[in-house]
Amino acid sequence: MIKTNTYAGISEEYAKLETAKVVLIPVPYDGTSTWQKGAHKGPDAFLEASENMELYDIETDSEVYKQGVYLADAVTENSSPEAMVEAVEAITLHYINQNKFVTLFGGEHSMSIGTIRAFNDAFENLTVLQIDAHADLRPSYEGSTCNHACAVYEASKTTNLIQVGIRSMDVSEKEQMNMGKTYFAHKMVNYKYWMDSAIDQMTDNVFITFDLDAFDPSILPSTGTPEPGGLLWYETLEFLRKVFERKNVVGFDIVELCPNDIDKSSDFLAAKLYYKMLTYKFELNN
C-alpha cells in the first residue's frame, strides 16, 4: 500500500496526531473473500477518491476535517486471519486509549472482529450496529473463526448487536440471529418506523460497522458480493444522522470496497460516506 501523506490531502496543520480528534486506520486485507477478490485495494481507492472530494459539507455548513484527521500506518499483517484480527484489535485499542475517535477502512469484513473486540473492551454496554447485506453470523467458515462470513458472530454473543439491511444469509445463521433486532431489507421497504425502532434498541454507546454491500448495487456496484434490493443514499444518511444525533457513536469502520479501474463512482461514494459520518459525529450540534 502506498501511503498518502494526509487524509483527503488536508494540510499538515489538521493531520497531526497530537491535535487530531480523529484517527483513520487503513486495513488492506483480503485474505478470506470467497467470490470477487480486490478488497485489499479498497483503502487506496478510498484515499484517492477522498483527495478529489470537496471538503465543505452543504447540509451542515461545516468542514469537519478541521477537527483534525490523522492517517495512521496501514495494518499490513496478513500471515493468517487470526493474526490480522489481533493486529487490528491492538492498533485500534492503542488509539482509543489516546482518546481519539477511531475509524477504520478495509479491506474485507473479517477485520471488524478485531475492531469490535477493541471497542467492546474500551466502552461499557456496547451496541454494534451492523449495516450490511449479509448476516455474517457463522461461528466458523472454511476452517477459521476469523472469516468474513463470521464478522459479527462474536459480537452477537458479547455486545448488543443490531443488524440492518440484511438480505442474504445461510439457513444455519438463523440459529445465531436475534430476529427482534434484525431489520431485513424486504421488510424495511414497508416499515415506516424501522429507523426509530432500531435506534430505540440501542444502548448509549454505539459502534457502527458498515459493509458497503448494504447499498444497492445500482449506486455502489464495486463490492465483493453485491446483492440486489439494498439501501439508497439519502435513506442511509437519514438513518445515520438520527443515530449520531441520539446516541454516542464511539467509532466506526467501513469495509468491502472492491474497486475496479473502469468505474470510480463507488470509490467516491465510500469517500463521501466516511466524510458524512465524521460530519455527523462532530458538526451536527455546532
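Structure shown above.
A quick note: this is a predicted structure, and the numbers were derived from the prediction, not measured.

Draft legend 1. How the structure looks around the packing of aromatic side chains. In total, this model carries 15 aromatic pairs according to the counting rule given. Their ring planes at 10 degrees and their centres at 4.0 Å tell us that Phe46 and Phe105 sit as a pair that is stacked. Of this pair, Phe46 sits in helix H1 (residues 42-51) while Phe105 sits in strand E3 (residues 101-106); the two residues are 59 residues apart in sequence, bridging distant segments of the chain. In textbook terms, an aromatic cluster arises when at least three aromatic residues are bridged by ring pairs, as seen for Tyr7, Phe46, Phe101, Phe105, Phe252, Tyr274 and Phe282.

Draft legend 2. Seen up close, the pattern of salt bridges. The full count for this structure, using the stated rule, is 10 salt bridges. Note that Glu245 is salt-bridged to Arg241, the shortest N-O span being 3.2 Å. With Glu245 and Arg241 both in helix H7 (residues 233-246) and 4 residues apart, this pair spans about one turn of that helix. A cluster of three or more residues bridged by salt bridges with shared partners is formed by Asp57, Glu59, Arg241, Glu245 and Lys276.

Draft legend 3. Geometry of unusual backbone geometry. The omega angle of the peptide bond from Gly106 to Gly107 is 20 degrees, so this bond is cis rather than trans. Relative to the helices and strands, Gly107 resides in the loop between E3 and helix H3 (111-122). Residue Asn99 is not a glycine yet carries a positive backbone phi of 60 degrees. If you trace the backbone, Asn99 turns up in the loop between helix H2 (81-96) and E3.

Draft legend 4. The sheet that holds strand E7 (residues 205-211), seen in detail. On the basis of which strands lie adjacent, the open sheet formed by 8 strands has the order E2-E1-E3-E8-E7-E4-E5-E6 and parallel pairing. The strands lining the two open edges of the sheet, one partner per strand, are strand E2 (69-71) and strand E6 (182-184). The sheet shows a mean angle of 15 degrees between the axes of neighbouring strands, direction not considered. Inspection of the sheet shows strand E4 (residues 126-131) paired to strand E5 (residues 160-166) by 5 bridges, in the parallel sense. Looking at E5, one finds that Gln130 is bridged to Gln163. Strands in contact with H1 are strand E1 (22-27), E2 and E3; relative to E3, the strand with the most contacts, it is inclined by about 115 degrees. Sitting on the sheet, helix H8 (residues 265-282) is in contact with E1, E2, E3, E7 and strand E8 (248-255), with an inclination near 175 degrees to E8.

What counts as what
- Residues numbered from 1 in each chain as written.
- Predicted model: local features only at pLDDT ≥ 70, side-chain atom pairs only at ≥ 80, totals over all residues.
- Heavy atoms only, no water.
- Phe/Tyr/Trp six-rings, centres within 6.5 Å; stacked < 30°, edge-to-face > 60°.
- Helix = DSSP H or I, 4+ residues; strand = E, 2+ residues; numbered from the N terminus.
- Salt bridge = Lys/Arg side-chain N within 4 Å of Asp/Glu carboxyl O.
- Pairing = 2+ DSSP bridges.
- Axes fitted to C-alpha atoms, helices over the stretch in contact; angles between N-to-C directions.
- Contact = heavy atoms within 4.5 Å.

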